[in-house]
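Listed here are the chains, written in short residue letters.
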Amino acid sequence: MCGIVGYVGRQPAARILVDGLKRLEYRGYDSAGIALVEGGALVVRRAPGKLRDLERVLEQDPPGDSRQGIGHTRWATHGRPCEENAHPHRGPDGRIVLVHNGIIENYLELKHELRDRGHEFASETDSEVIAHLVASELAEAGSLTEAVRRAAGRLDGNYAICVMDARQPEQIVGARRGAPLIAGLGEGENFLASDLTAILPHTRRVIFLDDGQIATVTPERVDVIDAEGQPVSAEEKSIAWDPIAAEKGGYRHFMLKEIFEQPRSVQETLAGRISLDRGEVMFAREEFPLEDADLARIDRVALVSCGTSWHASLVGKFLIETLARIPAEVDYASEFRYRDPLVDDRLLMTIVTQSGETADTLAALREAQRRGARSVAICNVMGSTATREAEGTILTHCGPEIGVASTKAFTAQLVALYLMALRIGAARGVLGADEVREHLTALAQAPGRIERALEAEPQVAALAREFKDATDFLYLGRGINYPIALEGALKLKEISYIHAEGYPAGEMKHGPIALIDETLPVVSLAPADAVFEKMISNIEEVRARGGRLIVVTTEDAPSLDDKVDRTLRVPKVPPLIQPIVNVVPLQLLAYHIALLRGCDVDQPRNLAKSVTVE
Ligand code: AGP
C-alpha cells in the first residue's frame, strides 16, 4: 500500500531516495517525504499529493547532501492524506525518524500507554506510534537495532519499516512482518526498499528479508538478526530483471506498455515449461517441488485471490475442471479466510497474485496451510512473500508490472493456470501425452494471436471517443468468457471511474435488463463458439430495448452489423485460450476511455498496486 526506501553510502541520499520513490509511486501516492541525518540532526521534508509535490518542496527548501536517508510514498490507511500524516514520522526527542508500510492493529493501545508516559503526538497515524515506541526503548536497549527489535516485538499487525537515529550516523535499521522489505547490496553503499524496482538501477544483489527479521544497514554491511536477536545468515540473491523493464520504454503510460508486452510476457511464461516432443509440462523443481504423485492425490483445487487475479481464478476453474477433471472452487481471499473453509491434505490451495504481497491472499494461504492443504502460488514477483510461503510457485515471467490496472499479469496468469491444469490432468492420468501436446501446440501460438488482437487498437481508440461520456457500462459473457466480462468491467471502472458491471449473459434477463436503454453501452463477448447463438439471443434482447451494443467476436463469426452498433474482431483460437485473446480489446478500451477522460491511467485515485493491508 505504501512504498519505503532507505539509502546509506557515498552519494547524496536525497536524489537516490526520490528516484526510488518514483519507482514505488504506483504502490501509493497520497503524500510523500524523505528524512536525512545531517550533522547529528534530522532533516525532514514532506508534502501531501504526488511525488512531484515533494520535489517542488525539495527545490524550494533543499535538504542538503547527507549520504544517509529514508523515504516514503503513502497510500493512506490511518489519517487523511495531509502533511501532518505524511511520513517520515519522528519520535519525541528529534532523534528517531521512521517510515512505515503496513497497519499496526494495536496502535491505539500503545499510543495511550506512551501518552501516559508523557509522549505527545503530531499525527493520526499508527506509524508515528512506532517511532515513539522505538525512542522509548532506546535508552535501555543500547543500540538502535535492539530498540527496533524490542519495539517490533510489541506490535500487532503488519509492518515494513526503516528507522534512523540522528545520533547513530551511517546506519539504517529495517524490519518487516507481513509487508515486503528488500536489502540491496552495493559497493560502499546499501539500500532498503519495498520492492525490487527501487533497487535494480543500483544493484542486482539483494536480500529478501523474512518476517520478523531486522537488518542493520551501513555503507559497508547488511547484518540480519531474527526477532529473538539471533544473527541470521540471510541468503543473497542475484536478480536477472532488466532495470529498464521498469521504464515506460517510449509508451505514454506503463499500462499501455504492459498491454503491448503481453505477447512477450505470455511467451516468457511458457518458455522452458512445454515439451512438444514429449507432450509434457515441466516446472522447475526448485520452484515447484510437487511431484506427479502429489498431484495425483489432489482431489480438489481451491483458487483463492483478489481483483483481477480472482477473475483469472474464475477462468482457472474452467481450465482445471475441463483438463484435470477435478472440482475447482474459486474464492475471494477476503471471504475464504473467514468462512471456516473445508480443507484437507488432498486440497491444492492455489493463490493467484501478481504482487505476492496481497494481505488477504497471504492470510488465506496461511489459513489453508494451517488446515493441512498443499499449496501453490501463481505469482509475478520472485522472492515475494507468496513465493516464499507456498510449497510451490509458478512464476509468471512478465517482468515488473507497474500500472495499477493489471493487464500482462492477468493473461500470464491464465497461461500459468492452463499449464498447471495440464500438469495435474497428466499426473492424474486423465490426459495423455498426445492431448497435452495438442494443448501446448495451441498455447504456443497464443503470443501471435495476442499480437494480432493488438492490431485493433485504432478501432478501439475510435470506440473510446464514441463512448467516453457514458456513465454506466454493462459487460456480458458466457462460460469461460464470463470472467472476461468481469475483467473488462473492472479495467474500465478502476481507471476511468465509470461505473461498470460484468454479468453472465444468461442472467441479464433476471435483473440487469432493467438497466437497458439508449444511454447504456453493452459490451458483449460473443466468440463463434458453442454458446454463440445464445449470445446472439442476448444481443437481440438488448437491441430490442435500445441498448448501444459493442460486440467482441472472432474473425470467423458471421457479420453482426445488423444487430450491433460496433464490432471488434479478434483471432479465433481454441475455446480454452479464447479468454486470453478476448480480454485484449477490453484492456485497450478501458485505457483509451480513461485517457480521453483525463484520468491518471497508471495511478488511478484511491487505488494502489499492491494491497498489503486487509
Ligand atoms: C487489478 O487491475 C487491480 N489493480 C486489483 O484488483 C488487483 O488485481 C488485486 O489487488 C490483486 O492484486 P495481486 O494480484 O497482486 O494479489
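The rules behind each value
- Residues numbered from 1 in each chain as written.
- Predicted model: local features only at pLDDT ≥ 70, side-chain atom pairs only at ≥ 80, totals over all residues.
- Heavy atoms only, no water.
- Near = heavy atom within 4 Å.
- Polar contact = N/O pair within 3.5 Å; in protein donor to acceptor, adjacent residues only side chain to side chain.
- Areas by Shrake-Rupley, 256 points an atom, 1.4 Å probe, with all protein chains shown as cover.
- Helix = DSSP H or I, 4+ residues; strand = E, 2+ residues; numbered from the N terminus.
- Buried < 20%, exposed > 50% of the residue type's maximum accessible area, 1.4 Å probe, protein only.
- Contact = heavy atoms within 4.5 Å.
- Pairing = 2+ DSSP bridges.
- Axes fitted to C-alpha atoms, helices over the stretch in contact; angles between N-to-C directions.
- Disulfide = S-S within 2.5 Å.
- Parallel < 35°, antiparallel > 145°, perpendicular 65-115°, else oblique.
- Nonpolar A, V, L, I, M, F, W, Y, C, P; charged D, E, K, R; others polar.

Concerning the site of the ligand
In the vicinity of the ligand there are 14 residues, among which Ser309, Gln354, Ser355, Thr358 and Glu494 approach most closely. In the model, an oxygen atom of the ligand is placed 2.7 Å from a nitrogen or oxygen of the glutamine 354 main chain. Starting from 410 Å² of accessible surface for the ligand in isolation, the protein chains cover 92%. Those elements that provide at least two residues to the shell around the ligand are α9 (307-323) and α17 (482-496).

Here we look at the side chain of threonine 407
Structurally, threonine 407 can be placed in the loop between β22 (392-395) and α13 (408-427). Among the residues examined, threonine 407 registers a relative accessible area of 0% and is labelled buried. Other than its neighbours up to four places away in sequence, threonine 407 contacts Met255, Glu258, Ile259, Gln262, Glu401, Lys491 and Gln587.

Overview of the sheet that holds strand β20 (residues 347-353)
Sheets are built from strands that pair by backbone hydrogen bonding, the pairs being arranged parallel or antiparallel. Taken in spatial order, the 5 strands make up an open sheet running β19-β18-β20-β21-β22, and their pairing is parallel. The open sheet has two edge strands with one neighbour each: β19 (328-332) and β22. Pairwise comparison of adjacent strand axes, ignoring direction, gives a mean angle of 20° for this sheet. Looking at chain direction, strand β18 (residues 300-305) and β20 are connected through 6 bridges and run parallel. Each residue of the ladder has a partner; that of valine 301, found in β20, is leucine 348. Those strands touched by α9 are β18, β19 and β20, and its axis lies near 175° from that of β19.

Points about the state of the cysteines
The final tally for this structure, using the stated rule, is 0 disulfides. Unpaired in terms of disulfides, cysteine 306 finds its nearest cysteine sulfur in cysteine 379, a separation of 13 Å.

Brief notes about the packing of helix α7 (residues 262-270) against helix α15 (residues 446-454)
The geometry of α7 relative to α15 is characterised by a closest axis approach of 8 Å and an angle of 170° between their N-to-C directions. It follows from the interaxial angle that α7 and α15 lie roughly antiparallel. Together, Gln262, Pro263, Val266 and Gln267 of α7 and Ala446, Pro447, Ile450, Glu451 and Leu454 of α15 make up the contact between the two elements. Its residues assigned to classes, the contact of α7 with α15 comprises 6 nonpolar, 2 polar and 1 charged.

Quick look at the sheet that holds strand β3 (residues 41-48)
The antiparallel open sheet is built from 8 strands, whose spatial order is β3-β2-β4-β1-β10-β9-β11-β15. Looking at strand neighbours, the two that pair on one side only are β3 and β15 (236-238), the edges of this open sheet. Shown here is a sheet whose adjacent strand axes are inclined to one another by a mean of 20°, direction ignored. In this structure, strand β1 (residues 3-8) lies alongside strand β10 (residues 190-193), joined through 4 bridges in antiparallel fashion. The residue bridging valine 5 from the neighbouring strand is alanine 193, located in β10. Along the sheet, helix α1 (residues 13-24) makes contact with β1, β2 (31-38), β4 (68-74) and β10, crossing β1 at roughly 155°. Its contacts with the sheet put helix α2 (residues 51-60) on β2 and β3, and the angle it makes with β3 is roughly 135°.

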